[in-house]
Amino acid sequence: MSAPRGETGQRSDHAATTGAGAPDLGATTRRHLLAGGLSFGGAAALASFAPTTALAQAKPAEADELTPPAPRAIEVRARPIDHFDLRDRAHRQFGSLQFRSGLILTSSFRGFGGLSGLRLDPRGERFVAVSDKATWFTGRIVYDGTAMSGLADVEAAPLLGPDGTPLRSRKWYDSESLAFDGGTAYVGFERVNQIVKFDFGRDGVRARGHPIAVPPALRKLPNNKGIESLVVVPKPHALAGTLIALSERGLDADRNIVGFLIGGRTPGQFSVRRTETYDISDAALLPGGEELLILERKFSWFEGVHIRIRRIALSTIGPGATVDGPAIFEADLGNEIDNMEGLNVHIDAGGATVLTMVSDDNFSMLQRTLLLQFTLEPD
């Protein structure tokens, strides 16, 4: 049973399409945490964010149980998030971002969840996402004015290998990152440290993936700390045609996070300065391609989960460089966040720069799939 609106800050269920709902455990565990006590429920919720804990990995469903054998339509239900700040309903401005709208997504399809990469069309409507169980999700965001109200036309399909069989069959199902270069999609597989290319523009979710050549150092990234973000740099920037691959927590000799420039005119390795123990979960280019936004997260048993977004000048990125930039957004469990793993940027019909974030629920009943949108305020 959902908690009353006054306790959770959510309105009653709003179904974008019909589908099975789910109890809102997220708000309850957040109340435990904000009250300052790690009760059993609060401790379990925190544990679900820690990727190496026994609870987070207890009895995981097999990939074959979570991934459809062929493309199929699924139903997704959306419940709106009225306010981002659980402590102050009137608070709308968070650093350089203004909260626009959010959705809590659930589905009766067991394989829905684990969303780790998200890309939208230029209008911010059609989407392609990948889950960490090697599944494509495609569909359309429905808007009521400028606020998201639900999802429609959602389809799930397995990522296929060169022979047309699902990549999960070779246990390549920790797919954590997604980038597009025109009709070509690139997907990063973290644990096996591979990047796979798909002719998505021609074949859509039926496209067959082919691994690309990657630097030897990328193949040696730590287990479960590998490639977490992919971005293709467009023309006319100096890095045009380069695939930027950022690791989650592959560290260089100075304990900074390793990134790679693949292809383009100046391939090589660079680093992103690591501060306050944050790890990288995704990245996206701002319109114009001059600046890179990096989505980061951190977890501790004492402080809980935090996320932030840093803004980095693309001109500072090059072989051998260590880049840094200011934080433009920060949030914690006092806000409507979860394990935020996907970031996208688009320009809406009114000319506003819109950031969309999606969370990976790790297929855990203690976590949620959230879709959040903010507008970037002008400098």
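Look up: the structure comes first, before these words.
Residues numbered from 1 in each chain as written. Predicted model: local features only at pLDDT ≥ 70, side-chain atom pairs only at ≥ 80, totals over all residues. Heavy atoms only, no water.

When you line up the elements, Gly268 lands in strand β16 (residues 268-272). Judged by relative accessible area, which is 23%, Gly268 ranks as partly exposed. Contact partners of Gly268, with chain neighbours within four places excluded, come to Gly259, Phe260, Leu261 and Pro319. (Helix = DSSP H or I, 4+ residues; strand = E, 2+ residues; numbered from the N terminus. Buried < 20%, exposed > 50% of the residue type's maximum accessible area, 1.4 Å probe, protein only. Contact = heavy atoms within 4.5 Å.)

What follows covers the pattern of salt bridges. Inspection of every chain in the model, using the stated rule, returns 24 salt bridges. In this structure, Asp85 and Arg87 form a salt bridge, with 3.5 Å as the shortest nitrogen-oxygen distance. Given the relative accessible area of 51%, Arg87 is considered exposed. As a salt-bridge pair, Arg140 and Asp153 come within 3.2 Å of each other at their nearest N and O atoms. (Salt bridge = Lys/Arg side-chain N within 4 Å of Asp/Glu carboxyl O.)

Let's shift gears to the packing of aromatic side chains. Counted by the stated rule, this structure contains twelve aromatic pairs. Between Phe84 and Phe94, the ring centres sit 4.9 Å apart and the planes meet at 85 degrees, which makes this aromatic pair edge-to-face. Residue Phe84 is found in the loop between β2 (77-81) and β3 (93-94), and its partner Phe94 is found in strand β3; the two are separated by ten residues along the sequence. The rings of Phe84, Phe94, Phe99, Phe329 and Phe374 are connected pair by pair, giving a single aromatic cluster. Directly above the aromatic system of Trp172 lies the positively charged group of Arg170, at a separation of 5.2 Å from the ring centroid. (Phe/Tyr/Trp six-rings, centres within 6.5 Å; stacked < 30°, edge-to-face > 60°. Lys NZ or Arg CZ within 6 Å of the ring centre and 35° of its normal.)

Attention now moves to the sheet that holds strand β9 (residues 175-181). Read across the open sheet, the four strands follow the order β9-β10-β11-β12; overall the sheet is antiparallel. If you trace the sheet from one side to the other, it starts and ends with β9 and β12 (210-211), each paired once. When strand β11 (residues 194-199) meets β12, the two strands line up antiparallel, connected through two bridges. Looking across to β12, one finds that Val196 is bridged to Pro211. (Pairing = 2+ DSSP bridges.)

Here we come to the sheet that holds strand β7 (residues 135-144). Taken together, five strands build an open sheet; the order of strands is β1-β8-β7-β6-β5 and the sheet is antiparallel. Two strands lie at the open edges of the sheet, namely β1 (72-73) and β5 (115-120), each paired on one side alone. Sheet topology note: the β5/strand β6 (residues 126-131) ladder contains five bridges and is antiparallel. Residue pairing for β6: Gly117 is matched across the bridge by Val130.

Moving on to the nonpolar core. The tendency in soluble globular proteins is for nonpolar side chains to be buried as a group. Phe84, Ile309, Phe329, Met357 and Phe374 are the most contacted members of the largest nonpolar core, which totals 27 residues. Secondary structure elements with two or more residues in this core: β4 (97-106), β18 (291-300), β19 (304-313), β21 (327-332), β22 (340-347), β23 (353-359) and β24 (369-376). With four residues, β24 is the largest single contributor of residues to this core. If near-sequence neighbours (up to four positions away) are discounted, Phe329 is found in contact with Phe84, Phe94, Leu97, Ile307, Arg308, Ile309, Met357 and Phe374. (Core = buried A, V, L, I, M, F, W, Y, C linked by side-chain atoms within 4.5 Å.)

Let us now look at unusual backbone geometry. For the bond running from Lys235 to Pro236, omega is 5 degrees, close enough to zero to count as cis. If you check the backbone angles, Lys171 has positive phi at about 65 degrees while not being a glycine. For Lys171, the position within the fold is in the loop between β8 (147-158) and β9. Look at Asn224: it is not a glycine, yet its phi comes out positive at around 65 degrees. We classify Asn224 as buried; its relative accessible area is 12%.

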